[in-house]
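# Observations on the three-dimensional arrangement
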Amino acid sequence: MHYDEFIDDQNRSVANDLAVVARADPGQLFVSALRPSGAEPPGVPSYHPGRPADLCIVTPTFNEAENLAELVRRIDLALAGEAWELIVVDDDSPDGTAEAADRLHAVDPRVRVLRRVGRRGLSSACIEGMLASSAPYLAVIDADLQHDPRLLRSMLQRLRQGDADMVVGSRYTAGGDLGTWSSWRARLSRGATQVAQRLAGVEIADPMSGFFALRRDVLTTRVRRLSGVGFKILLDLLLTAPRDLRVVELPYRFGERVRGESKLCGAVVWEFGLLLLDKLVGRWLPARFVAFGLVGLLGLAVHFLVLSQLYLRTGVSFIAAQAFATVTAIGVNFAVNNLLTYADRPLRGLRWWRGLAGFALICGVGAAANIGVASWLFTRHAQWPVAALIGIAASAVWNYAVSARYTWRS
Ligand code: GDD
Ligand code: MN
């Protein structure tokens, strides 16, 4: 490692053409801290180790160990002369992304890692990463090189000019491009964009972009009202008041992923819906509760399916069929809630089974509450469907509140 020369003197500017080449990985990945000061734009002072960052770049990661060194190399080239820092927010990736970031930090302290354990979620990772910085300007970029770091310099310039609060890398403005997306993915993205534009009144061309930069105060003034669910952090920011944001879009071409794989799957659609829902009704009902309720409806359908099949098709008694249907519905509810409602902190392994047992217990008490409330109302001359619905609502609130507290500990 030749980095000692580099950090030798905190205040001396970096020697010309000092190449810091470090073996960041057992493989051939290199980090170069090449900083030819001749190439620096006039007026921008050169980087000093220890100098506060002007731009903090946040990159959320899950299994991106192979991409990180190259990302740092490209950022470094793109932002030569700028005081930047990179915060890698890693959700405890099994492929050792956090360790790869640690090794990069050893040769370039501008790279830091924020490791989250037992958590998942692109949006919340971005939010927490941005909050971990004191830099006046913030940017979010994917770690897989699909977002071109060369756009960062223009983004920063636009923010510094002061006529934009936020700069978005856009695939849908003239000059922008989806790259090589499959047609279904392209259609999905365009569809979601239109929903956001029509339903939520978003005005920009690419509110689904995961590549953008903003002034820090734009984040801090709305951070308490962000949903933080799912993948669409930019949309979350755009939909959170105050709305008088000046947004500039810069076109870019969405690159191809060379290493690793995409984490976006069927859950994207669900989480997108949840985000919109939270923006629409979140003031009155937590989006998670709505999700829990929807999963509950699915459980009801499962219950009736199992019950009718058993009771009508086989010779099983009604009580036995009802009991079996109840157990199945509880199991399905638990599994689906774990996957969808709590996608950001799912239970796994032994905890999954323990969670299931606890959830069954909670639902048992919930059912008792349901019956108790409904029959009490019924004796008070409430109409029977009203009594039934209020009983169901009572047990739903109970199940949600108690399982949020004990099964999926928040
Ligand atoms: N910390 C964390 N936690 N990071 C995650 C998670 C997670 O649960 N899921 C994904 N990431 C990271 C990936 O490691 C990658 O760096 C980045 O988020 C984007 O994930 P991809 O799986 O590569 O998504 P994509 O390429 O299909 O879509 C991306 O680009 C679109 C266009 O800009 C996302 O940024 C989309 O939100 C975006 O619309
Ligand atoms: Mn990607």
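Residues numbered from 1 in each chain as written. Chains lettered and ligands numbered in written order. Predicted model: local features only at pLDDT ≥ 70, side-chain atom pairs only at ≥ 80, totals over all residues. Heavy atoms only, no water.

### A short note on the pairing of strand β9 (residues 247-251)
The side-chain alternation of β9 yields one buried face, formed by Val-248 and Leu-250, and one unburied face, formed by Val-247, Glu-249 and Pro-251. For strand β7 (residues 166-170) and β9, the ladder comprises 5 bridges, and the chain directions are parallel. Bridge pairing in β9 places Gly-169 opposite Leu-250. (Buried < 20%, exposed > 50% of the residue type's maximum accessible area, 1.4 Å probe, protein only. Helix = DSSP H or I, 4+ residues; strand = E, 2+ residues; numbered from the N terminus. Pairing = 2+ DSSP bridges.)

### Structural notes on the packing of helix α10 (residues 287-313) against helix α13 (residues 384-406)
In the contact formed by α10 and α13, the axes pass within 10 Å of each other and the chain directions differ by 120°. By the criterion of interaxial angle, the relationship of α10 to α13 is oblique. With respect to the hand of their crossing, α10 and α13 are arranged in right-handed fashion. Contacts between α10 and α13 involve Arg-288, Phe-289 and Phe-292 from the first element and Ala-396, Val-397, Asn-399, Tyr-400 and Ser-403 from the second. Grouping the constituent residues of the contact of α10 with α13 by class yields 5 nonpolar, 2 polar and 1 charged. (Axes fitted to C-alpha atoms, helices over the stretch in contact; angles between N-to-C directions. Parallel < 35°, antiparallel > 145°, perpendicular 65-115°, else oblique. Left-handed = near helix turned anticlockwise from the far one by under 90°. Contact = heavy atoms within 4.5 Å. Nonpolar A, V, L, I, M, F, W, Y, C, P; charged D, E, K, R; others polar.)

### Details of the side chain of Asn-333
By the element assignment, Asn-333 lies in helix α11 (residues 318-341). On the basis of relative accessible area, Asn-333 is assigned to the buried category, the value being 16%. Setting aside residues no more than four positions away along its own chain, Asn-333 makes contact with Val-295, Gly-296, Gly-299 and Phe-359.

### Comments concerning the pairing of strand β5 (residues 111-115)
Summarising the sheet, strand β4 (residues 84-90) and β5 pair through 5 bridges and their orientation is parallel. Counted as the bridge partner of Ile-87 is Arg-112 from β5.

### As for the confidence of the model for the protein chain
On average, residues of the protein chain score 85 in pLDDT, and 87% of them are at 70 or above. Predicted confidence is poor over residues 1-38, with pLDDT under 50, and the contacts of this stretch with residues over four places away or in other chains come to 72 contacts. (pLDDT = per-residue confidence, 0-100.)

### Remarks on the pattern of salt bridges
Enumeration according to the criterion identifies 25 salt bridges in this entry. A salt bridge links Asp-54 to Arg-160, with the nearest nitrogen and oxygen atoms 2.7 Å apart. With Asp-54 in the loop between β2 (30-32) and β3 (55-61) and Arg-160 in helix α5 (residues 151-161), the pair connects residues that are 106 residues apart, well separated along the chain. A salt bridge links Arg-171 to Asp-206, with the shortest nitrogen-to-oxygen separation between them at 2.8 Å. Of this pair, Arg-171 sits in the loop between β7 and α6 (183-200) while Asp-206 sits in the loop between α6 and β8 (212-215), and the two are 35 residues apart along the sequence. Among the charged side chains, a network of salt bridges with common partners joins Asp-54, Glu-82, Arg-153 and Arg-160. (Salt bridge = Lys/Arg side-chain N within 4 Å of Asp/Glu carboxyl O.)

### Some details on the coordination of the manganese ion (ligand 2)
Every protein donor of the manganese ion (ligand 2) is listed here as Asp-144 (OD) and Gln-146 (OE1), and their distances to the metal cover 1.9 Å. No difference in accessibility class separates Asp-144 from Gln-146, as the two residues are buried. (Donors = N, O, S within 2.8 Å, 3.2 Å for Na, K, Ca; no water.)

### A short note on the nonpolar core
Formed by 37 residues in total, the largest nonpolar core has its most connected members in Ile-57, Leu-68, Ile-75, Leu-86, Leu-152 and Met-155. Considering each element in turn, this core owes the most residues, 6 residues, to helix α2 (residues 65-78). Sequence-distant contacts of Leu-152, that is, excluding residues within four places in its chain, are made with Ile-57, Ile-75, Leu-79, Ala-139, Ile-141 and Phe-211. (Core = buried A, V, L, I, M, F, W, Y, C linked by side-chain atoms within 4.5 Å.)

### Some remarks on α13
Here α13 is 23 residues long and its end C-alpha atoms lie 32 Å apart, about the 33 Å a rise of 1.5 Å per residue gives. Here α13 has its buried residues at Ala-387, Gly-391, Ser-395, Asn-399, Tyr-400, Val-402, Ser-403 and Ala-404. Against the buried residues of α13 lie α10 and α12 (350-379). (Expected span 1.5 Å × (residues − 1).)

### Structural notes on the environment of Ile-204
Mapped onto the elements, Ile-204 comes out in the loop between α6 and β8. On a C-alpha basis, the gap between Ile-204 and Thr-193 in space is 9.3 Å, while along the polypeptide they are 11 residues apart.

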